[in-house]
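# Secondary and tertiary structure notes
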Amino acid sequence: AQTVTQSQPEMSVQEAETVTLSCTYDTSENNYYLFWYKQPPSRQMILVIRQEAYKQQNATENRFSVNFQKAAKSFSLKISDSQLGDTAMYFCAFMKHGSSGAGSYQLTFGKGTKLSVIP
Amino acid sequence: DAGITQSPRHKVTETGTPVTLRCHQTENHRYMYWYRQDPGHGLRLIHYSYGVKDTDKGEVSDGYSVSRSKTEDFLLTLESATSSQTSVYFCAISRGANVLTFGAGSRLTVL
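This structure is a prediction, so every number in the text was calculated from the model and none was measured.

### Notes on the nonpolar core
- Counting 25 residues, the largest nonpolar core has A:Y25, A:W36, A:F75, A:L77 and A:Y90 as its most contacted members.
- Looking at this core, the elements that each hand over two or more residues are β3 (19–21), β5 (32–39), β6 (46–52), β8 (64–69), β9 (74–79), β10 (88–96) and β12 (113–118) of chain A.
- Top element by residues in this core is β10(A). It accounts for four residues.
- If we ignore the near neighbours within four places in the chain, the residues touching A:Y90 are A:Q6, A:L21, A:W36, A:Y37, A:K38, A:V48, A:F64, A:L77, A:I79, A:G112, A:T113 and A:L115.
- Formed by 23 residues, the second largest nonpolar core is a distinct cluster that contains A:F35, A:Y37, B:Y31 and B:L45.

### Examining the pattern of salt bridges
- Considering all chains together, one arrives at eight salt bridges over all chains under this definition.
- As a salt-bridge pair, B:R22 and B:D73 come within 3.1 Å of each other at their nearest N and O atoms. A residue pair is termed long-range when its members are at least 10 positions apart, and B:R22 in strand β3 (residues 19–25) and B:D73 in strand β8 (residues 73–78) qualify at 51 residues.
- By relative accessible area, which is 34% here, B:R22 ends up partly exposed.
- For B:D73, a relative accessible area of 9% corresponds to the buried category.
- Connected through salt bridges with shared partners, the residues A:R50, A:E52 and A:K55 form a single ionic network.

### Some remarks on the state of the cysteines
- In total, this model carries two disulfides over all chains according to the counting rule given.
- Between the sulfur atoms of A:C23 and its disulfide partner A:C92 the distance amounts to 2.0 Å. As the torsion about the S-S bond is roughly -70 degrees, the A:C23-A:C92 disulfide counts as left-handed. Separated by 69 residues along the polypeptide, A:C23 in the loop between β3 and β4 (24–26) and A:C92 in strand β10 bring together distant segments of the chain.
- Judged by relative accessible area, A:C92 falls into the buried class, the value being 1%.
- A sulfur-sulfur separation of 1.9 Å characterises the disulfide bridge that pairs B:C23 with B:C91. Its S-S torsion of about -70 degrees marks the bond between B:C23 and B:C91 as left-handed, since a negative value means left-handed. With B:C23 in strand β3 and B:C91 in strand β9 (residues 87–94), the pair connects residues that are 68 residues apart, well separated along the chain.

### So, the interface of chain B and chain A
- Taken together, the contact between chain B and chain A spans 28 residues of the former and 22 residues of the latter.
- Together, the buried faces of chain B and chain A total about 2000 Å²; carbon and sulfur atoms form 52% of this surface.
- The interface formed by chain B and chain A includes zero salt bridges.
- Across the chain B-chain A interface, the total number found is five residue pairs in polar contact (both at pLDDT 80 or more).
- A total of five residues in the side of chain B that touches chain A trace back to one element, the largest contributor, which is strand β5 (residues 42–51) of chain B.
- For the side of chain B that touches chain A, the class distribution of residues is 14 nonpolar, 10 polar and four charged.

Conventions adopted
- Residues numbered from 1 in each chain as written.
- Chains lettered and ligands numbered in written order.
- Predicted model: local features only at pLDDT ≥ 70, side-chain atom pairs only at ≥ 80, totals over all residues.
- Heavy atoms only, no water.
- Core = buried A, V, L, I, M, F, W, Y, C linked by side-chain atoms within 4.5 Å.
- Buried < 20%, exposed > 50% of the residue type's maximum accessible area, 1.4 Å probe, protein only.
- Helix = DSSP H or I, 4+ residues; strand = E, 2+ residues; numbered from the N terminus.
- Contact = heavy atoms within 4.5 Å.
- Salt bridge = Lys/Arg side-chain N within 4 Å of Asp/Glu carboxyl O.
- Disulfide = S-S within 2.5 Å.
- Buried area = accessible area lost by both parts, 1.4 Å probe.
- Polar contact = N/O pair within 3.5 Å; in protein donor to acceptor, adjacent residues only side chain to side chain.
- Nonpolar A, V, L, I, M, F, W, Y, C, P; charged D, E, K, R; others polar.

Spelled out as structure tokens, the structure:
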């Protein structure tokens, strides 16, 4: 079974600054996917960024980037130029890679990090 | 997300009553999921479906059952609700590319 650990229950950052959220995971799989989801006060789960484990290049999406360290099983999220709209819960999640079939595409989530952006 | 509708969005019920939550999709996707979200636990998988009448248990399936008689609908049933089932319930679909898309959530309170 996979586990995902987010060691920072809460964090805060000044507007326009940079912040990094930590995530570690445990798995015996070699091929998998990692995700960061954002949950603002509206409660909607929004995909922020996705990383494929077989790709060494770190994923980026505008102000969001990851530092993926496969050997260390670490997957941190960096938010640059933080904005007030970034205030949210952030969840790290793991998905096994596999062909379609029963159980495919299941996500295992960490407990989340509550990020507050301070004006 | 416009492709996934959860109903009801809010429900208050009493211990021992049956409750059914509905997830409806308009996109004909094969895989559908039910998660629950609780403070300090993140999201945990309850049940999932990989086709009509094909379902399986997730991490926290005790006290829940599911049914999928049509591709577009995935129902989550609490046969006899308990206070420990007070939670926010999320439905999700897999649109391919190994990405799950979530519904808006249903908040259930069991008194």
